[in-house]
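Close look at the chain arrangement
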Amino acid sequence: MQWEQLLSLRRQGDTNKRLRIEQDETRLGFEVDYDRVIFSSAFRSLQDKTQVIPMSKTSFVHTRLTHSLEVSVVGRSLGRAVGKKLLERHPHLRETHGYRFNDFGAIVAAAALAHDIGNPPFGHSGEKAIGDYFLNGKGQRFKEQLSEKEYQDLVDFEGNANGFKILTESKHGVDGGLRLSYATLGAFMKYPKESLPKKPTKHIADKKYGVFQSEVPFFKEVAEELGLISHGQNRYARHPLTFLVEAADDICYTIIDFEDGINLGLIEEEFALEYLIKLVKDTINRDKYNKLERASDRLAYLRSLAISTLIQEAVSIFLENEEAILKGEFSHALLDKSQYQAQISDILKISIEKIYQSAEVIDKEIAGYHILSSLLDAFTTAFENKKNGNHRHYDDLILKSTGMDWQPTDDTYMYNMKVCSFISQLTDGKSLQIFNKIGGKL
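One structure accompanies this document, and this report is about it. Keep in mind it's a predicted model, so treat the numbers as computed, not measured.

All right, on to unusual backbone geometry then. Note the cis peptide between L196 and P197, where omega equals 0°. Note that P197 resides in the loop between α10 (182-188) and α11 (216-226). We note that R179 has phi near 50°; this positive angle belongs to a residue other than glycine. One can find R179 in the loop between α9 (159-168) and α10. The partly exposed category is assigned to R179, whose relative accessible area is 25%.

Moving on, we get to the packing of helix α8 (residues 148-155) against helix α20 (residues 412-424). Where α8 contacts α20, the two axes come as close as 11 Å, and the packing angle between them is 15°. Accordingly, the angle class assigned to the pair α8 and α20 is roughly parallel. As α8 packs across α20, the resulting crossing turns out to be left-handed. Here E150, D153 and L154 of α8 come into contact with α20, specifically with Y413, N416, M417 and C420. Each residue belonging to the contact of α8 with α20 can be placed in one class, and the counts come to four nonpolar, one polar and two charged.

This part takes up the nonpolar core. Among the nonpolar cores identified, the biggest contains 94 residues, and W3, L78, L241, F258, L302, F318 and L334 are the most heavily contacted of them. Top contributing element to this core by residue count: helix α15 (residues 295-320), with 13 residues.

Quick look at the packing of aromatic side chains now. One pass over the structure, following the stated rule, counts 16 aromatic pairs. On the basis of an interplanar angle of 80° and a centroid distance of 5.6 Å, the ring pair of Y182 and F218 is categorised as edge-to-face. Residue Y182 is located in helix α10, and its partner F218 is located in helix α11; the two are separated by 36 residues in the primary sequence. Of the two residues, Y182 and F218, neither departs from the other in class, the shared state being buried. Linked through ring pairs, Y133, F134, F142, F383, W406 and Y415 together constitute an aromatic cluster. The ring of F243 has R238 sitting right over it, with the charged end atom 4.9 Å from the ring centre.

A word on the environment of L372. Turning to its location among the elements, L372 is positioned in helix α18 (residues 359-388). As for L372 and P120, which are separated by 252 residues in sequence, their C-alpha atoms are 9.5 Å apart. Aside from chain neighbours lying at most four places away, what touches L372 is P121, F122, G126, A129, I423 and S431.

The end-to-end C-alpha distance of helix α4 (residues 64-89) is 36 Å, a good match for the 38 Å that 26 residues give at a rise of 1.5 Å each. Where α4 begins, the side chain of T63 points an oxygen toward the backbone nitrogen of L65, at a separation of 3.2 Å.

Conventions used here
- Residues numbered from 1 in each chain as written.
- Predicted model: local features only at pLDDT ≥ 70, side-chain atom pairs only at ≥ 80, totals over all residues.
- Heavy atoms only, no water.
- Helix = DSSP H or I, 4+ residues; strand = E, 2+ residues; numbered from the N terminus.
- Buried < 20%, exposed > 50% of the residue type's maximum accessible area, 1.4 Å probe, protein only.
- Axes fitted to C-alpha atoms, helices over the stretch in contact; angles between N-to-C directions.
- Parallel < 35°, antiparallel > 145°, perpendicular 65-115°, else oblique.
- Left-handed = near helix turned anticlockwise from the far one by under 90°.
- Contact = heavy atoms within 4.5 Å.
- Nonpolar A, V, L, I, M, F, W, Y, C, P; charged D, E, K, R; others polar.
- Core = buried A, V, L, I, M, F, W, Y, C linked by side-chain atoms within 4.5 Å.
- Phe/Tyr/Trp six-rings, centres within 6.5 Å; stacked < 30°, edge-to-face > 60°.
- Lys NZ or Arg CZ within 6 Å of the ring centre and 35° of its normal.
- Expected span 1.5 Å × (residues − 1).
- Polar contact = N/O pair within 3.5 Å; in protein donor to acceptor, adjacent residues only side chain to side chain.

As structure tokens, then:
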């Protein structure tokens, strides 16, 4: 892969080539990407979506929105640091094409800002709830009406693929969704493949999938414009900057979810501080640390130092492996190769035991399963009845209340994807509100 292609400013529908050297320095195309994401309704909905504790009432806990903002900040730092070194290695990018190190930071920041935009309510259990409805619930009735890949999109519903759909889908007379640059879309595509074959290799890019059947044609256009290496079967090597987006996410949820667990009292403060100290033992200023009287200040200091340490580590690993990454041969997440991998694993293990598997999280995830299954059943039944010509007045009311509309061109796959996409963009609170309304609670 070549950086000149990977940094493409092209947007969906462009007829002329966009050149970096001709960009307005006060409003760069990659910075426009960030603006378009942050002003989108899909991004705003993240303010009431689960990051750690579903429907938490405390201000301590991060939502998907605050998490995404923090990931974008870390991603920007990663991109700038890497970009500075890459321009030294490949001076023609600056001298001939006009790229600056800030461009790398802007691309990673925009992709990182959008990285969770396709996630449904109630965290990752929301993805599982949607998939379970079609695999084991009443949604099984659609299996015979769908191709193998279409059905797999539903039973293995994936927030990353849904994010690509939200960012690129034409609707309501708006072509190309947010019309982000292909470079940012490429960096966003964590798993550049369709739902089948499932996990064809142990490469990190094959762990999940990143595109629904409905978006495959445009997905291929983006991949080919960027020069991503094709592995056949609509599978491609990752855009190199995707590794930085992933690292930013890994850094934030490792450290900040851990911090949330401490603030919620799920993890003992002194016990947790010891684990963070192990991570930053080589860079901690002991005199400064010992002068901090409050545990909250000590925690903030260690969190900041841990994030800075892991940023430097991820940058170093990326630059050491640039050649393998450009060849599509680097098969791990950056932090999987970190010298701090053992410390990271210890922190994640505690987070799983104390936070993600806590009674509060489990109880609300159970409720989320029931809420989303009920919504899926009501909406898919309404579309099914419209398609079969035996719809009831109730079905019309259900669809009208959501803003979803039936089109004669909608086949089984299309209307089921409409439902899943609609539900995925609901907040935790809104999904509960609609659930109560359908159940007769006004």
